[in-house]
There are 2 protein chains.
Amino acid sequence: MNRQITLAARPVGYPKESDFNLVEAPIPVPEDGQVLVKTLYLSVDPYMRGRMNQARSYAANVEFNEVMVGGVVAEVVESKHADFQAGDIVNAHIGWQEYGVAGGGELRKIDPGLAPISTGVGILGMPGLTAYFGLLEVGKLQDGETVFVSGAAGAVGSVVGQIAKIKGCRVVGTAGTDEKVAYILDELGFNAAFNYKNVNDYTAKLEELFPDGIDVYFDNVGGRITDAVFPNLRVKGRVAICGQISQYNLESPEVGPRFLWYLITKRARIEGFLVTEFAARHAEALVQMGEWVRDGKLKYRETIAEGGIEAAPAAFISMLKGGNIGKQLVRIAEPS
Amino acid sequence: MNRQITLAARPVGYPKESDFNLVEAPIPVPEDGQVLVKTLYLSVDPYMRGRMNQARSYAANVEFNEVMVGGVVAEVVESKHADFQAGDIVNAHIGWQEYGVAGGGELRKIDPGLAPISTGVGILGMPGLTAYFGLLEVGKLQDGETVFVSGAAGAVGSVVGQIAKIKGCRVVGTAGTDEKVAYILDELGFNAAFNYKNVNDYTAKLEELFPDGIDVYFDNVGGRITDAVFPNLRVKGRVAICGQISQYNLESPEVGPRFLWYLITKRARIEGFLVTEFAARHAEALVQMGEWVRDGKLKYRETIAEGGIEAAPAAFISMLKGGNIGKQLVRIAEPS
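Everything quoted here is computed from the prediction, not taken from an experiment.

Caption draft 1: Seen up close, the interface of chain B and chain A. Taken together, the contact between chain B and chain A spans 36 residues of the former and 36 residues of the latter. Taking both sides of the interface into account, the surface hidden between chain B and chain A amounts to around 3200 Å²; carbon and sulfur atoms contribute 62%. In this structure, Arg258(B) and Asp227(A) form a salt bridge, with 2.7 Å as the shortest nitrogen-oxygen distance. Across the contact surface, chain B and chain A share 10 residue pairs in polar contact (both at pLDDT 80 or more). It is helix 8 (residues 260-266) of chain B that provides the largest number of residues to the side of chain B that touches chain A, a total of 5 residues. Looking at the side of chain B that touches chain A, its residues break down into 16 nonpolar, 10 polar and 10 charged. Pairing analysis gives 3 bridges linking strand 14 (residues 269-272) of chain A to strand 14 (residues 269-272) of chain B, with the strands arranged antiparallel. The residue bridging Arg269(A) from the neighbouring strand is Glu271(B), located in strand 14 of chain B.

Caption draft 2: Layout of the relation of the copies chain B and chain A. After a rotation of 180° and a shift along the axis of 0.0 Å, chain B superposes on chain A with an RMSD of 0.0 Å. Both copies of the chain, as the preceding transformation shows, are related through a two-fold rotation axis. Looking at the interface residues of chain B, 100% of them are also at the interface in chain A, so both copies use one shared face.

Caption draft 3: Region of interest: the sheet that holds strand 10 (residues 192-195) of chain B. Spatially, the 12 strands line up as an open sheet ordered 10(A)-9(A)-8(A)-11(A)-12(A)-14(A)-14(B)-12(B)-11(B)-8(B)-9(B)-10(B), and their pairing is mixed. Looking along the sheet, the strands with just one partner apiece sit at the ends: strand 10 (192-195) of chain A together with strand 10 of chain B. The sheet shows a mean angle of 15° between the axes of neighbouring strands, taken without regard to direction. Set on the sheet, helix 2 (residues 126-138) of chain A makes contact with strand 8 (146-150), strand 11 (214-219), strand 12 (233-241) and strand 14 of chain A; between it and strand 11 of chain A the angle comes to about 150°. Most of the contacts of helix 2 (residues 126-138) of chain B go to strand 11 (residues 214-219) of chain B, to which it runs at about 150°, and overall it touches strand 8 (146-150), strand 11, strand 12 (233-241) and strand 14 of chain B.

About the criteria used
Residues numbered from 1 in each chain as written. Chains lettered and ligands numbered in written order. Predicted model: local features only at pLDDT ≥ 70, side-chain atom pairs only at ≥ 80, totals over all residues. Heavy atoms only, no water. Contact = heavy atoms within 4.5 Å. Buried area = accessible area lost by both parts, 1.4 Å probe. Salt bridge = Lys/Arg side-chain N within 4 Å of Asp/Glu carboxyl O. Polar contact = N/O pair within 3.5 Å; in protein donor to acceptor, adjacent residues only side chain to side chain. Helix = DSSP H or I, 4+ residues; strand = E, 2+ residues; numbered from the N terminus. Nonpolar A, V, L, I, M, F, W, Y, C, P; charged D, E, K, R; others polar. Pairing = 2+ DSSP bridges. Least-squares fit on C-alpha atoms with pLDDT ≥ 70 in both. Axes fitted to C-alpha atoms, helices over the stretch in contact; angles between N-to-C directions.

What follows is the structure in structure tokens.
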């Protein structure tokens, strides 16, 4: 049988385990051009919280009793597509389930020789690509600029800071535990970092850390940290809005200080993006990212929940509350 | 003698007439390369409110007892620069005074044959250029898109809407009196308009007026009107932040709903700008704008305060409170 996690209820505030159901379904049968895959690692990501809402989002939201959306690292079990054979390791978008079928065109092969296969949904997958295109294409990062990253110990933020370092930039990050701060400072080489839970005046803190201002802000978090960036932006500063995780689980919308005035005085830009916009260039970016990983220029950490598919809801909720360092995964099965 | 308006006090909230002084000074004498000009029309503009603050702005602020900054239409009285002679009509940046000297390179000749000379600080001056570059370069307007303009009956907004119409776009504007709404509908040809003082739910109003969403929002106002744009933006929408006049005279900063989340789902961009960024292209744009004015494709209205330089503070305060339709000017002297 194929065990799946489906949406049981639309969450109010943080999701609860009771917002999900564990159900069983037959293992699907691939048709011509399709491939049956078995999930090895499930990726849980902040964007999935938005898909649980009724409200309009950028993609169709999950309906009641539908399988939760998501990307996985999977092993090909049976292939009816010429490009794949049993045993291949692939990135697939089959959602929170143990088995799924997908068209061959929807799969991306993962090279087990380059890095552990789990990176196929991490630094060498969607989060890594999000960091790469968000920083370089949306943020238009130039060598030697100053960069601030929120959610800096997460799957995306940790890569953003390291790419900025590769580009010769001064990088400051913020995260929500001292352990995360130590990680990005000591292991990832950020120039500075602070635990936002131990700082009251973020505006003053950023002024201290960026005496000449911020060229690029890569925002995963939103809220009060982001408010503090605008007075500290440099002229022609850029703000890449990747996520707003501080806002996803609020029971009622938050208000904050108005800041658009700063954009005039700084001639600055804010831009939201999705990694899917850059799909045509994902392969090219993965070559570059793979080289950096291989050469030790990009490091990564994973937080892997054990316990199979039934552990996914708790792992997802933990990630939304900041329980992870680096990429949050759920181990579903071992490769054969 | 040369009568001048200087800064007497930094305003709290809306400026008062007592925040300004009327003083007398000798008429200055031009040196080699300089030109002495006599002010005919003084332009009063929203940005000047920012210059009255102590807080950092994009340009040096006005100090106590300094002449208020501003652009004028002036007549050359005495020239020590080869390109100018007595009687020439020019645009100069000498501030709120009856006479001033400026280097020849700081002056721009106004062609009295093209349009009334007062347009040199209006539709064929800084406000017109602000509309042109803000809409076409910052907003990246494409033919046939949907456009929303706040402050739509003002010196900038009224031009924004008309350029958008020239580009085949559907244009909606908002303004603060029924007279202004009638003006932009009946005289300027906007597709729709509303008096924001008569509407409660701006989000619903914009949804009604833009059933398929807003491609470009040109913002002169900020505040609640602007809040309502984000839920109504189209995918890849652009927001050009030109001004935030609703925020300039607040005694304490306002809060509003957080909206950056929408930028992700819409992959949208917000960008602030100053017309001075496009200085190298002002001449080219003025040729185009002049043709449109000559051909009747761009209409304009002026609100001219009489009473000379001493009328400037009241005219400025009135403009900040929305008393003007089109460009707010102060008539200082008649051409010789």
